[in-house]
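# Summary of the model geometry
One-letter residues, chain by chain:
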Amino acid sequence: MNATPANLNNPTDSKLQNIPQFTLNEAFTDVNGYLISDRFLESGSYLRMDNATLGYNIKTQSGAFKAIRLYVTGDNLFVITKYRGVDPEVNIGGLTPGIDNNNFYPKTRTFLFGINASF
């Protein structure tokens, strides 16, 4: 359940302030547009590349190093989904399991570059 659009969906405010684009198709007299109902159910299926590492080992002929390894690691690289919320991986625990109330921080995308040297 994506409750974030329900919280933002208030067609009666269309005369007074900016509203989300999905609210434009509703009548401004709809005073119940913000209520959570089954119209805010969305498919939560997704494909995520959560972690990947690419490395290259270099063997050296030098006496100072036996081997050198260069690598790059990425976390939360991409998500393929039709889910309109922040993250389709919704919390299953707590007081409202399976409901995305937009009350969490999105996952960060990180990259790590490094060198390992064997002496």
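Note that the structure is predicted; figures quoted are calculated from it, not measured. (Residues numbered from 1 in each chain as written. Predicted model: local features only at pLDDT ≥ 70, side-chain atom pairs only at ≥ 80, totals over all residues. Heavy atoms only, no water.)

### What to know about the layout of surface pockets
Any empty space left between atoms is shown by rolling a water-sized probe over those atoms. Roughly 170 Å³ of internal volume is contained in the largest pocket. Contributing to the lining of the largest pocket are 14 residues, with E89, V90, N91, N103 and F104 lying nearest its centre. Residue classes in the lining of the largest pocket are distributed as five nonpolar, five polar and four charged. (1 Å grid on protein atoms, 1.4 Å probe; cavity = no way out; pocket = protein on both sides within 12 Å on 5 of 7 lines; lining within 4 Å. Points joined across faces, edges and corners; volume = space filled by probe spheres on them. Nonpolar A, V, L, I, M, F, W, Y, C, P; charged D, E, K, R; others polar.)

### Section: the environment of T4
Following the sequence through the fold, T4 ends up in helix α1 (residues 3-8). Excluding residues that lie within four positions of it along the chain, T4 makes contacts with D100, N101 and N102. (Helix = DSSP H or I, 4+ residues; strand = E, 2+ residues; numbered from the N terminus. Contact = heavy atoms within 4.5 Å.)

### Brief notes about the side chain of D100
Of note, D100 is situated in the loop between β2 (67-81) and β3 (110-118). Buried D100, no salt bridge; nearest opposite-charge side chain is R84, N-O distance 9.9 Å. Within polar-contact distance, the side chain of D100 engages the side chain of Y83 at 2.7 Å. Discounting residues that sit within four places of it in the chain, D100 has contacts with M1, N2, A3, T4, Y83, G85, V86, D87 and V90. (Buried < 20%, exposed > 50% of the residue type's maximum accessible area, 1.4 Å probe, protein only. Lys, Arg positive; Asp, Glu negative; His and termini not counted. Salt bridge = Lys/Arg side-chain N within 4 Å of Asp/Glu carboxyl O. Polar contact = N/O pair within 3.5 Å; in protein donor to acceptor, adjacent residues only side chain to side chain.)

### Focus on the sheet that holds β3
Taken together, the three strands give an open sheet; going across it, the order is β1-β2-β3, and neighbouring strands pair in antiparallel fashion. A strand with exactly one partner marks an edge of an open sheet, and here the two such strands are β1 (46-59) and β3. Neighbour to neighbour, the strand axes of the sheet diverge by 15 degrees on average, direction disregarded. For β1 and β2, the ladder comprises 13 bridges, and the chain directions are antiparallel. Counted as the bridge partner of M49 is F78 from β2. (Pairing = 2+ DSSP bridges. Axes fitted to C-alpha atoms, helices over the stretch in contact; angles between N-to-C directions.)

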